[in-house]
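Fold and contact review
Take a look at the letters that make up each chain.
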Amino acid sequence: KRVEGRSWDELLCAARKEGALDLAIEIQRLVDVCEAIAFAHSRGVLHLDIKPDNVMVGDFGEVLVMDWGCASLFDDHRWTNQPDLPRVRNLQRPRGTPLFMSPELARGEGKSIGPHTDVYLLGATLYTLLSDAPMRPGVTTQEVVVQAVNGFVEPLPTGTDQALAAL
């Protein structure tokens, strides 16, 4: 299927540049992403690389989660006829985008990866919405991966909405 639209990351950058970021609209887009991920989880599939650059927004505001290249199965009892998807328990190396990845993804601990891992990635996406910055300040990929392994997250900026920061 041909998908048309713009990456959510591209839209966020343009809105920030114009000083026109509407946090309520962006939070609703994140909710739409959460619903898509919840559906995947109901089918035993983890995305494992959720970030604004892997979300497309169509001309009418439709939100599509893209790039399922890191996807893995976490439930042996469903969708076992999907031979192209690896079992998450077999993962033994880092997977995904270091600026967003959870500690278990950074360590490649397949047995520790599950739906909570995608929830972490959704939280990292929320962090980006709230701060306009990555949650890890490392300069090199190696530095960022080490920060991810250790679970380091830069504090949110002062003045961030407390209810959203708590999420």
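Here goes a summary of the coordinates provided. (Residues numbered from 1 in each chain as written. Predicted model: local features only at pLDDT ≥ 70, side-chain atom pairs only at ≥ 80, totals over all residues. Heavy atoms only, no water.)

Let's shift gears to the sheet that holds strand β3 (residues 55-57). Spatially, the 3 strands line up as an open sheet ordered β1-β3-β4, and their pairing is antiparallel. Since the sheet does not close on itself, it has two edges, and those belong to β1 (6-7) and β4 (63-65), each with one partner. Across 2 bridges, β1 lies against β3 in antiparallel orientation. Within β3, the position partnered with serine 7 by the bridge is methionine 56. Sitting on the sheet, helix α2 (residues 23-42) touches β3 and β4, and the angle it makes with β4 is about 45°. (Pairing = 2+ DSSP bridges. Helix = DSSP H or I, 4+ residues; strand = E, 2+ residues; numbered from the N terminus. Contact = heavy atoms within 4.5 Å. Axes fitted to C-alpha atoms, helices over the stretch in contact; angles between N-to-C directions.)

With that settled, consider the side chain of lysine 51. Tracing the backbone through its elements, the reader meets lysine 51 in the loop between β2 (45-46) and β3. Notably, lysine 51 is buried but unbridged: the nearest opposite-charge side chain belongs to aspartate 49, and the N-O separation is 4.2 Å. Those residues within four positions of lysine 51 in sequence are excluded, and the remaining contacts are Thr97, Phe100 and Thr125. (Buried < 20%, exposed > 50% of the residue type's maximum accessible area, 1.4 Å probe, protein only. Lys, Arg positive; Asp, Glu negative; His and termini not counted. Salt bridge = Lys/Arg side-chain N within 4 Å of Asp/Glu carboxyl O.)

This model, assessed by the stated rule, comprises 0 disulfides. Unpaired in terms of disulfides, cysteine 70 finds its nearest cysteine sulfur in cysteine 34, a separation of 19 Å. (Disulfide = S-S within 2.5 Å.)

Remark: helix α1 (residues 8-18) packs on α2, axes separated minimally by 12 Å, with the N-to-C direction vectors making an angle of 170°. With respect to α2, the axis of α1 lies roughly antiparallel. Every residue of α2 that contacts α1 at Trp8, Leu11 and Leu12 is listed here: Glu26, Arg29, Leu30 and Val33. Considered class by class, the residues forming the contact of α1 with α2 number 5 nonpolar, no polar and 2 charged. (Parallel < 35°, antiparallel > 145°, perpendicular 65-115°, else oblique. Nonpolar A, V, L, I, M, F, W, Y, C, P; charged D, E, K, R; others polar.)

These values are about where atoms sit, not about what they do.
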